[in-house]
Amino acid sequence: MTAATPATPLRTPRQVERLVQGRATRDGAGVKLTRVLTQDLQRRLDPFLMLDAFGTDDADDYIAGFPDHPHRGFETVTYMLEGRMRHRDSAGHEGLLGPGGVQWMTAGRGVIHSELPEQQEGRMEGFQLWLNLPGRDKMRDPWYRDITSAEIPELALPGATVRVIAGQSQGVAGAVQRDATQPTYLDIRLEPGASFEQALPESHNAFVYVYRGALRFDTGCLVPSGRMAILANTAGSDGVRLTASEEGARVILVAGQPLGEPIAQYGPFVMNTEGELLQAVRDFQAGKFA
């Protein structure tokens, strides 16, 4: 555990703007998942493009994995709760993502990527978040980092355990920092009735996804398991206060600085203009990805 700096109590915590229920779907070669942050929410939750949640004990729901597929123009952040997934890409990167670990990949100008289970049975559970890149970085060199569970700072607070994947919490820097989008990514475990406060810049878009138990906000809004709460961008707000229900809660809290740029997306390509999208498809077809 990492020592934390006591946080200044919040004066104006954010409340829930609305609740979102994810859409059950299949992706890759048939992997069963829930798409929580969908394309129609991209501008509201800029710089985040997508959030998928996956979790099943049935190997038939995940065993086919995600064979070779291209990406350009954004970052993928895969956080594994349970299970083992082998990642490879055309830039020569390879890693085994295990329980509690994170794979942070910057596709940049283009990479072909695969994610394949390295288990035949047992539970597979986690999240994949897509984080946009500013236009100036969309054609940068691909980059990859495999972050083991032990490399993620973990805070023990009264009634709460917090894993700091990105950004900072209670004075502790997370495993990854990004200048343009300034993402905060926390995995928070709350005991029954316990509260946790996280400071957030007023300008950042933010959401919470509950994957165990439930949260109750100051206004009485209950956020049950399997729901995303989009946090209101209230003028003068200084953070968010999360309070677990009587059953406790486990949630991810995600926030970031909006880029405010046009978003042009065609599947796994995310650029600023239609012309750039067309070029991305041409480059992929011509075998120009790393």
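Preceding this paragraph is the structure being described.
Note that this is a predicted model, so its numbers are computed, not measured. Along each chain, residues carry numbers from 1 onward, in the same order as the chain's sequence is written. Under the rules for a predicted model, residues below a pLDDT of 70 receive no local features and side-chain atom pairs below 80 are neither given nor counted, while totals for whole chains, interfaces and linings still include all residues. Note that water and hydrogens are dropped before the side-chain values are worked out from all heavy atoms of the structure.

1. Some thoughts on the sheet that holds strand β10 (residues 102–106)
Strand pairing follows a simple DSSP-based rule, namely that at least 2 bridges must link the two strands. Here a helix means four or more residues in a row that DSSP labels H or I, a strand means two or more in a row labelled E, and each is numbered from the N terminus. Strand order across the open sheet formed by seven strands is β3-β4-β5-β12-β7-β10-β13, with antiparallel pairing between neighbours. Of all strands in the sheet, those with a lone pairing partner are β3 (23–27) and β13 (143–147), marking the two edges. If you compare each strand with its neighbour and ignore which way they point, the axes differ by 20° on average. Here strand β5 (residues 48–56) runs beside strand β12 (residues 124–132); their pairing, made up of eight bridges, is antiparallel. Residue Gly55 lies in a different strand from β12, and its bridge partner there is Glu125. Every axis corresponds to a line fitted to the C-alpha atoms, with the helix fit spanning only the stretch in contact, and the corresponding angles, defined between N-to-C directions, vary from 0 to 180 degrees.

2. A look at the pattern of salt bridges
Each reported salt bridge corresponds to a side-chain nitrogen of Lys or Arg within 4 Å of a carboxyl oxygen of Asp or Glu. Under the criterion given, the structure shown has 20 salt bridges. With a shortest N-O distance of 3.7 Å, Arg18 and Glu17 are connected by a salt bridge. Note on exposure labels: buried denotes an accessible area under 20% of the residue type's maximum, exposed denotes more than 50%, and partly exposed covers the range between, all computed with a 1.4 Å probe on protein chains only. With relative accessibility at 38%, the residue Glu17 sits in the partly exposed group. A salt bridge links Asp61 to Arg26, with the shortest nitrogen-to-oxygen separation between them at 3.5 Å. Here Asp61, found in the loop between β5 and β6 (66–71), pairs with Arg26, found in strand β3; they are 35 residues apart in sequence, far enough to count as distant.

3. Digging into the packing of aromatic side chains
When the centres of two rings from Phe, Tyr and Trp lie within 6.5 Å, Trp using its six-membered ring, the rings pair. Their planes under 30 degrees apart give stacked, over 60 give edge-to-face, and anything left gives tilted. Summed over the entire model, instances satisfying the criterion amount to eight aromatic pairs. With 6.2 Å between their ring centres and 80° between their planes, Tyr79 and Tyr185 make a pair best called edge-to-face. Within this pair, whereas Tyr79 is found in strand β7 (residues 74–82), its partner Tyr185 is found in strand β18 (residues 184–190), the two being separated by 106 residues in sequence. Given a relative accessible area of 0%, Tyr79 falls into the buried group. Residue Tyr185 is classed as buried on the basis of its relative accessible area of 1%. Here Phe127 and Tyr209 contribute two aromatic rings whose centre-to-centre distance is 5.8 Å and whose plane-to-plane angle is 80°, an arrangement assigned as edge-to-face. Of the two residues, Phe127 is situated in strand β12 and Tyr209 in strand β20 (residues 205–216); the sequence distance between them amounts to 82 residues. Like Tyr209, Phe127 is buried. An aromatic cluster is present here, built from Phe127, Tyr209 and Tyr211 joined pairwise through their rings. Counting as a charge over the ring demands two things of the Lys NZ or Arg CZ atom: a distance within 6 Å of the ring centre and an angle within 35 degrees of the ring normal. Between the NZ or CZ atom of Arg178 and the centre of the ring of Trp143, over which it lies, the distance is 4.8 Å.

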